[in-house]
Amino acid sequence: MALFIAVDVDPELARDPAASRKLAEVCPVDIFKVGASGALEVIEKNLDECTLCELCLAVGKPGQVVVVDARDGGLVF
């Protein structure tokens, strides 16, 4: 389980196969993958590898992907 980073993806975005593929594509540390149903899966064990690059934030509408960095007192991206 992640100790420092949490990622919250809006369920509507997570069910969108195109958005799921894009999230998996842009993440440099493989936090996201596309499941068998085409829906997004978050790979919990990779969350602490997050570099806070913010590439995932550009997928979907503002607020559909939220990254929380607990190392900075819960800083939200």
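Details of the structure are given in the entry above.
Quantities reported herein were computed from a predicted structural model and do not represent experimental measurements.

Rules used in this analysis
- Residues numbered from 1 in each chain as written.
- Predicted model: local features only at pLDDT ≥ 70, side-chain atom pairs only at ≥ 80, totals over all residues.
- Heavy atoms only, no water.
- Helix = DSSP H or I, 4+ residues; strand = E, 2+ residues; numbered from the N terminus.
- Buried < 20%, exposed > 50% of the residue type's maximum accessible area, 1.4 Å probe, protein only.
- Arc of directions from axis to C-beta.
- Contact = heavy atoms within 4.5 Å.

Some details on unusual backbone geometry
Right, on to step 1. Despite not being glycine, D30 shows a phi value in the positive range, around 55°.
Right, on to step 2. Relative to the assigned elements, D30 resides in the loop between α2 (17–26) and β2 (32–34).
Right, on to step 3. With phi around 70°, E54 is a residue other than glycine that occupies positive phi space.
Right, on to step 4. Secondary-structure assignment places E54 in the loop between β3 (40–42) and β4 (65–69).

Some thoughts on α2
Right, on to step 1. Within α2, burial applies to A19, S20, L23 and V26. For α2, the buried positions fall inside an angular range of 140° around the axis, keeping them on one side.
Right, on to step 2. Lining the buried residues of α2 we find β1 (5–9), α1 (11–15), β2, β3 and β4.

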